[in-house]
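# Overview (structure and organization)
Residue-level listing of the chains:
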Amino acid sequence: MHQVRGAPRHVAARRRLTLGGVGTLKQVRVHPQHERVSILRAFLGSVASIFVTLVVLAVLAGALVVLEPRTTDADTTADGTGSYSVPTKGPGLYGSGTLGSWQDLIRRISPEDQIRDVLAFDGIFLFGDSIAVQDSAALERRLADSTGDSIAFHDWSGQPTSAAVDALEEWSRDYGLPRRIVMAVGTNDIFDPPAFAAQVERAMKLAGPDRTVYWVNVYVSRTKQPPAVRDADLANSAWVNDELYQASLEYPNLRIIDWSAFLTSRPDGPTPYLRDGVHTSEPLGGSARNELIAEAIKGSH
């Protein structure tokens, strides 16, 4: 056995061939450039596989972003005065005054894409007044952490229940309604308590019997008002709450979140939880009110 003359050792290889039972050795030349091409092809194949994998992951991530309910940029927007508090004048018919113009007050309303996302993921709609404008962003985070629910808002400072139910009707027509709705309105109905009951009935008919409506009742005793007005506020709050209670006897899917009872049952009274006799103090009052709402919703799971 000997090496083929003229074949360099570093490029020579031997292969045994069997011909007629006789084993022979044949020299095979392996060219270095072929080896380099093979290595390059293998490397490019690996790079292509990695690139395809990354593209697929990017597409999947994009799909999840589209499908995921967003906490939204439904940030508070202010027109006009940018105030939470609605102006009132005179004693009015019921001692609390007359509701002034509220349409230019501060509000927080979810954009259309968030509303549709909340519906798609069996979330919650909330319709509220200035207390909700102030507290709803924290409620959104609390629900996400405690129940995993997403929520869309239509919160407008100063609005009476009639305006909130108008918004409920509009969303029902434009988007449909989820199986759970929170109504955090009624505070501004202390100026006209007899009008409240018809709006509760209207809201319940829009919701229908198969949806649960959680309604936060009211407590108002404005600390900057004279004692007679404060007493009227309390009396009118009780009037509104009684109308809500009567409606719950007729509609079993109406659940009252008893904010008023919570406040009046505190050892130190409502004062630590309310900064002005109406709006929640931060963080104590807002956290307590949001906790009542979250606990009620948690019971629906």
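Right, let's walk through the structure included here. (Residues numbered from 1 in each chain as written. Predicted model: local features only at pLDDT ≥ 70, side-chain atom pairs only at ≥ 80, totals over all residues. Heavy atoms only, no water.)

### Here's the deal with helix α6 (residues 227-250)
The first and last C-alpha atoms of α6 sit 35 Å apart over 24 residues, in line with the 34 Å expected at 1.5 Å per residue. Those residues of α6 that are buried are in contact with α5 (196-207), β9 (212-216), β10 (254-257) and α7 (259-264). (Helix = DSSP H or I, 4+ residues; strand = E, 2+ residues; numbered from the N terminus. Expected span 1.5 Å × (residues − 1). Contact = heavy atoms within 4.5 Å.)

### Quick word on helix α8 (residues 284-298)
A rise of 1.5 Å per residue sets the reference length of α8, with its 15 residues, at 21 Å; its end C-alpha atoms lie 21 Å apart and thus fit the reference within 8%. Within α8, the full set of buried residues consists of G285, G286, A288, R289, N290, I293, A294 and I297. Close packing links the buried residues of α8 with β6 (124-128), α3 (130-146), β8 (180-184), β9, β10 and α7. (Buried < 20%, exposed > 50% of the residue type's maximum accessible area, 1.4 Å probe, protein only.)

### Some thoughts on the packing of α3 against α8
In the contact formed by α3 and α8, the axes pass within 9 Å of each other and the chain directions differ by 50 degrees. Accordingly, the angle class assigned to the pair α3 and α8 is oblique. In the crossing of α3 with α8, the sense of the turn from one axis to the other is right-handed. For the pair α3 and α8, the contacting residues are I131, A132, D135, A138, L139, R142, L143 and S146 in the first and G286, S287, R289, N290, E291, I293, A294, I297 and K298 in the second. In the contact of α3 with α8, the residues fall into eight nonpolar, four polar and five charged. (Axes fitted to C-alpha atoms, helices over the stretch in contact; angles between N-to-C directions. Parallel < 35°, antiparallel > 145°, perpendicular 65-115°, else oblique. Left-handed = near helix turned anticlockwise from the far one by under 90°. Nonpolar A, V, L, I, M, F, W, Y, C, P; charged D, E, K, R; others polar.)

### Here we look at unusual backbone geometry
For the bond from E282 to P283, the omega torsion is 5 degrees, close enough to zero to count as cis. Residue placement: P283 occurs in the loop between α7 and α8. For D122, which is not glycine, the phi torsion reads 55 degrees and is therefore positive. Tracing the backbone shows D122 in the loop between α2 (112-120) and β6.

### A closer look at the environment of W259
Note that W259 resides in helix α7. Overall, the relative accessible area of 2% leaves W259 in the buried class. Between the C-alpha atoms of W259 and R289, which are 30 residues apart in sequence, the distance is 6.8 Å. Sequence-distant contacts of W259, that is, excluding residues within four places in its chain, are made with V216, N217, L274, T280, G285, A288, R289 and L292.

### Quick word on the packing of helix α4 (residues 161-174) against α5
Two numbers describe a pair of packed helices, the interaxial angle and the distance between the axes. Direction vectors running N to C along α4 and α5 enclose 15 degrees, while the axes themselves pass 9 Å from each other. As the angle between them shows, α4 and α5 are arranged roughly parallel. Note that α4 runs across α5; the crossing there is left-handed. Of the residues in α5, those touching α4 at T161, S162, V165, D166, L168 and E169 are F196, Q199, R202, A203 and L206. Each residue belonging to the contact of α4 with α5 can be placed in one class, and the counts come to five nonpolar, three polar and three charged.

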